[in-house]
Structure formats: C-alpha cells, structure tokens
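# Structural description and commentary
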Amino acid sequence: MEDSVAIGDCGSVIPELETEKSLTAAAKHIARASGSKKNVTDDAKKILADLDTQLFNTSTVNEIKVDTPGEIEGQLNFIQEKIMSWETDQSMMRDSGLDEATQFLNATEEARKLAERLETLSLNKDDGKKELLTRARDILQIAMGRLEEEFKHHLDQNRRAFEPERMSFCLSEECGTEPGSVISLGDGSVEPLISRDSISRTSEEFIIDLVNPEVISHLRKIANLMFISGYGDECSQAYISVRRDALDECFFILKKKEVSFEDVVKLEWGSLNSQITKWVQAMKIFVSVYLPSEKRLTQLIFGEHDFFVRTNGGEILWRLRDSVMEAYLDFENAIETGVPPHPCAGGGIHDLTRYVMNYINTLNDYHETLNFLLKGLDGEDPISLSPVPSGITYDASPMALHCRSVASILECNLDDTAKLYRDPSLQHIFLMNNIHYMAQELDNLKLMHLFADDWIRKLNWKVQQRLMSYERTTWVSVLSLLMVVGPSYSVSKNLIKEKLRRFHLAFEEVYRTQTAWLIPDAALREDLHISITTKVIQAYRTFVGRYSNFITPKNVKYSFDDLENFLLDLFQGSKKSLPYRRFFFVI
C-alpha cells in the first residue's frame, strides 16, 4: 500500500505519455519521486534505484543514425563542447547538481555510441571517418579521465568512518546474539547478512554502510559507463586505491597500536595473552563486520562488473597465502632454534610448550579459513583424508600437517631444553611434564581430527617411559642401599646398620631436592607418588623385617608411615627439609 501511494503521486503524468522518450522521462520521474518518500520500504527503494540505473543505461540518448561526415562531425562537436566544458572546472559535477552530472554522463554515453558507430562505418577505409573516429576516442578518453576523478572523489569524500567502539554487540560465544536481529550501532544500525562458519563456529556477518548510501547510485552509473566503454580496469584501480586507504584506516583503528616482534618477545605471558585476546577480537570484528560490508559495497557499485575487482582480490589472497606460509615457516624455525638459555625452575611446564599448544588450539578455531586459503584457492578440496595401514584416518589438510609439524619440532626442542638440567632425574621430570601437557591438550575433541588417536597414544607412552626412567635414575641407587648379598647368617651387624644409615641420608637428600621440583598435573603427580611409594615402602619393609635381629629401635629413624607421608611432599614445587629427629621410633 505504501509503495502504491508513493507511485500514485505521479499517476497524472502517465496518460500524457505518447512517445518512448516521454515514457522514459516519466519512469525516471516516478523513480525519483517515489525514492524520496519516507514511507517507502527499503525493498521498494532498492527496486526503484535499480530501475533508475537501468533506465540510465538503456535510454540516455536516441540511437545515432547520422551517416554523413558533416552530420557526424556536428554531433561530435556538440559532444566535445559539453565534455570539454568541465576540463577547466575543478568542482565535481554532482556537487553542481544532479542535472549537470546527468548531462555529462549522457554526453559521455553519446561519445561512446558515436565511437562504436564510427568503428563500423570506417571499415570501408574512409579516411575522413577514421579521423572522426580518432577524435571520438580522444573525447571519450578525456571523459573517462573526468569520470574517474569524479568516481574517486565521491567514493572518498562520502566514506564513513569505521567505529568498532560504538558497536554494542560482542562476537564471542557468550554474546548470545540471535541470527536475524538488528544490532545497535549508536546512531545507526547494522543489518545481519548471513550466518557463516568460515572464520569461527560462532561468527556472524553484519552489514554496515561504509559509504553514504545517497551517492551509491551516482557511483554505480559511472562504474557501469566506464566498464561498457572499455575502461573497467581504470575504474577498478580507482576503487581499489580509495578502498585500500579505508582498509588501512580500519586496521589502524582495530590495532590501535602496532607491536613489533621484538616487543612481543619481551612481553610477560599475562600481558601477551591479553594482547592476543584483543587482536583476535579485533580480527573477528574485521572479518564479521568490515569484510562483508566491503563486499556488499562492491556489489552495489559494480553489480555484474565486480569480476575485475574480484580478480584483484584473488591476487591479494595469493599474496596472503604466501604470507601465511612464510609465517608458518618462521614460527617453526623459531621453535626449532629457540632453546632458552636457562631451564624453567623445578622442571615444570615450559612457557614455550604452553605457547605452542595455545597456538595450535587457536589455529584450530580458524582451520576452515586457513585450509581454504592455503589449498582451496586452486579449487581443490581443502580437507583431504588419507588412511594409513593401522586403519587410523589422518587429516592431511595443510593446517593439520603444519600443526603436526609444529608439535614434532616442539618435542625436539624439549629434548634439547632438558639437557640444560644437570640432574638427569630432573631432565626426565621436565620431559614427563611437558609431553604430558601436550597429550592433555591434544586429547581434546576439537583437536582429535588434527592428530588422531595414535599420536596421543605415542605421547602417553613417552610419558610412561619418562616416568620409569626417572624412577631408575633416582631410586635404583637409593634402594640398592637396602640390598645385602649373601645369606643373613653371614652378614655382619655393622654392615646392616651402615646400610640403613646411608639409606636414611640418601632419602633425606632426595626429599630435600625433589620437594622443590614440580609436577603441576595432580593426576600425574599421584600416579608417580603411588609408583614410588609402592617400591620404596616395600623395599624398606623387607629390609627391616629380614634383618630385625641386627637392628635396635634407635637404628630405625623413620617408620613406614613416615616415609609414605614424606613421599607425598615430593613434586610440590616448595623446597623442604626433614626435621631433625633426636629420638628414633621402635619398629
């Protein structure tokens, strides 16, 4: 009803239409009059705007039917006068009024059609018409240069600032934004386009106006005329140059402050993690709001001609792909050569291990986009799965291969870092901690498709190997003090007492040293406590029971319960010493 009322305002014009020219003029009048009504819906305005553009493209002037050189030259002189009148005028045509801009566009369209007709007429090698063709082409080129300036000027001057701080929506899982809702932008609003999974599982695309909508129709007419006149490349480059500046401004706004690689390395983990969170959030805004809005702007201005622009965008994607590959290789090289000068205290989880696993986990959030970028540009399936003899399916996508490569390099780095510890037992604790951390992080549903079960099983097997190596390195020598070769009747009492005394000293040294060592994972720490306690208490109980005839109460410094409680203090990360015992316990 609203649309019919708006169009009805111009209904009195229709009965008076008798010619094709007056019909076209009336249709344009309807489009302009209806488009100015405030009660017309957005869809109706879009239809009317398209109608206006189509009318411009199809009916700017009547077909030129002049054939004689004199008639053609007269028409050419008229067109040249109109176009050249703007060569000395520094103002923009649209700023001088819509009629002026329309007249210039019409004159340019006439020059194009005249040049096309002259190309046909000059096939008979008429030198006079060839000279006119050269003039027509020169005039068209001048007009195209002027339109290019007009295009760039209005595209730049009508640019709207990108203000993410005014956006009252969030782009995380906690946002709870419903698809199809309109999100407030302070004075304006954004329009949801579609829900996609190209960047993250929680992202949605929202559209904002990057250029004043009032100038879009004018820009679209210029772009269409330049393309059909054979100046599409010039128009595309003009658009790209202006929008590149807008893109740089967007990045500057989102990043606020550019941080160099050297600055990143110097940041504490807490500060770095905070910065990473801000960077990720900024990129989510860029991908979910700015890029879709930029895409729509391109479609509105170029329509079916947006293929030159998209081709240029494809080249940018290839360069971006090269940049991503370079970043991958640089990161792998940094891990491979980045052995720290000093090991972390207590053999705990190294910052590099945490950083790399966070890196892999973050990459997984963007695996679809990265796979498309790295492999999908050539049209191949970005996810390729290949079976292995064991029957396990590996993800052979570029990102999965990179993540497995990074994990393997990290393991090699950990082996080299462990050598910085002088104590072999602490080397095993360090490797056990860090490999177990890797396994725990990978044993996650989000990462299973990247590494598969057998990779995690191998890591867990390595953890058990390090656990046993630690026990052999630390406790074999200690428990050997409780071993006596030969029958009990041939053993001297002094030898038994000396062995027991030396065992106590060795145990106290292990306690003093290894209470300062750290096993952060409670389950892993408990497994090691159980394994050690079983072996130590069993050996201690056997020794005391077997040689009870040689041992007096004052020779037994610690009871079985004492040793068991003391062992629980190991790997807590706080150095302790056993209290001095003046009195010994009776067994």
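Residues numbered from 1 in each chain as written. Predicted model: local features only at pLDDT ≥ 70, side-chain atom pairs only at ≥ 80, totals over all residues. Heavy atoms only, no water.

### Quick notes on empty space enclosed by the protein
One way to see where empty space is left: roll a probe the size of a water molecule over the atoms. Under the criterion given, the structure shown has four cavities of 30 Å³ or more. Put simply, the largest cavity is a space of about 60 Å³. Together, Arg159, Arg160, Phe162, Leu210, Arg243, Ala246, Glu249, Cys250, Ile253 and Tyr290 line the largest cavity. Ranked by residues supplied to the lining of the largest cavity, first place goes to helix H8 (residues 232-255) with five residues. Of the residues contributing to the lining of the largest cavity, the split by class is six nonpolar, no polar and four charged. (1 Å grid on protein atoms, 1.4 Å probe; cavity = no way out; pocket = protein on both sides within 12 Å on 5 of 7 lines; lining within 4 Å. Points joined across faces, edges and corners; volume = space filled by probe spheres on them. Helix = DSSP H or I, 4+ residues; strand = E, 2+ residues; numbered from the N terminus. Nonpolar A, V, L, I, M, F, W, Y, C, P; charged D, E, K, R; others polar.)

### Considerations on the packing of aromatic side chains
Taken as a whole, this structure holds 17 aromatic pairs when the rule is applied. Plain terms: the ring middles of phenylalanine 286 and tyrosine 290 are 5.5 Å apart, the flat faces sit at 15 degrees to each other, and that makes the pair stacked. Taken together, the residues span about one helical turn, with phenylalanine 286 and tyrosine 290 both in helix H10 (residues 269-302) at a distance of four residues. The class for phenylalanine 286 is buried, based on a relative accessible area of 7%. Ring pairing ties together the aromatic residues Trp475, Phe503, Phe507, Tyr540 and Phe560, which thus form one cluster. It is arginine 354 that lies over the ring of tyrosine 437; its NZ or CZ is 5.4 Å from the centre. In this structure, arginine 541 packs its charged tip against the face of phenylalanine 560, placed 4.2 Å from the ring centre. (Phe/Tyr/Trp six-rings, centres within 6.5 Å; stacked < 30°, edge-to-face > 60°. Buried < 20%, exposed > 50% of the residue type's maximum accessible area, 1.4 Å probe, protein only. Lys NZ or Arg CZ within 6 Å of the ring centre and 35° of its normal.)

### As for the nonpolar core
The biggest cluster of nonpolar side chains holds 80 residues, and the ones touching the most others in it are Ile360, Ile429, Trp475, Phe503, Leu528, Tyr540 and Phe571. Looking at this core, the element that brings in the most residues is helix H16 (residues 448-479), giving 11 residues. Counting contributing residues, this core receives three or more from each of domain 2 (345-379 + 396-480) and domain 3 (482-569). With near-sequence residues (within four places) excluded, phenylalanine 503 lies in contact with Val478, Leu479, Leu481, Leu482, Val536, Tyr540 and Leu563. (Core = buried A, V, L, I, M, F, W, Y, C linked by side-chain atoms within 4.5 Å. Domains from an automatic or database assignment. Contact = heavy atoms within 4.5 Å.)

### Some remarks on the environment of threonine 474
Topologically, threonine 474 is positioned in helix H16. Sequence separation between threonine 474 and serine 425 is 49 residues; the distance between their C-alpha atoms is 6.0 Å. When sequence neighbours within four positions are dropped, the list of residues in contact with threonine 474 reads Ser425, Val510 and Gln514.

### Some words on the environment of leucine 210
Along the chain, the position of leucine 210 falls in the loop between strand S3 (204-207) and helix H7 (216-228). Look at leucine 210 and you get buried, because its relative accessible area is 4%. Between the C-alpha atoms of leucine 210 and arginine 243, which are 33 residues apart in sequence, the distance is 9.8 Å.

### A look at unusual backbone geometry
For phenylalanine 571, which is not glycine, the phi dihedral falls at a positive 65 degrees. Tracing the chain through its elements places phenylalanine 571 in the segment after helix H19 (560-567). For phenylalanine 571, a relative accessible area of 0% translates into the label buried.

### Some points on the packing of helix H17 (residues 493-514) against H19
Between H17 and H19, whose axes approach to 11 Å, the crossing angle comes to 25 degrees. Looking at the two axes, H17 sits roughly parallel to H19. When you trace H17 past H19, the crossing you get is left-handed. From H17, Phe503, Phe507 and Tyr511 reach across to H19, where they touch Leu563, Phe566 and Leu567. For the contact of H17 with H19, the per-class residue count stands at six nonpolar, no polar and no charged. (Axes fitted to C-alpha atoms, helices over the stretch in contact; angles between N-to-C directions. Parallel < 35°, antiparallel > 145°, perpendicular 65-115°, else oblique. Left-handed = near helix turned anticlockwise from the far one by under 90°.)

### Comments concerning the confidence of the model for the protein chain
Mean pLDDT over the protein chain: 76, with 70% of residues reaching 70 or higher. Per-element confidence in the protein chain is highest for helix H15 (residues 424-442), whose mean pLDDT is 95, and lowest for strand S1 (residues 183-185), whose mean pLDDT is 33. Confidence drops under pLDDT 50 across residues 1-22; counting only partners more than four residues distant or on other chains, this segment forms 20 contacts. This model gives residues 168-203 a pLDDT under 50, and the stretch forms 69 contacts once residues within four places in sequence are excluded. (pLDDT = per-residue confidence, 0-100.)

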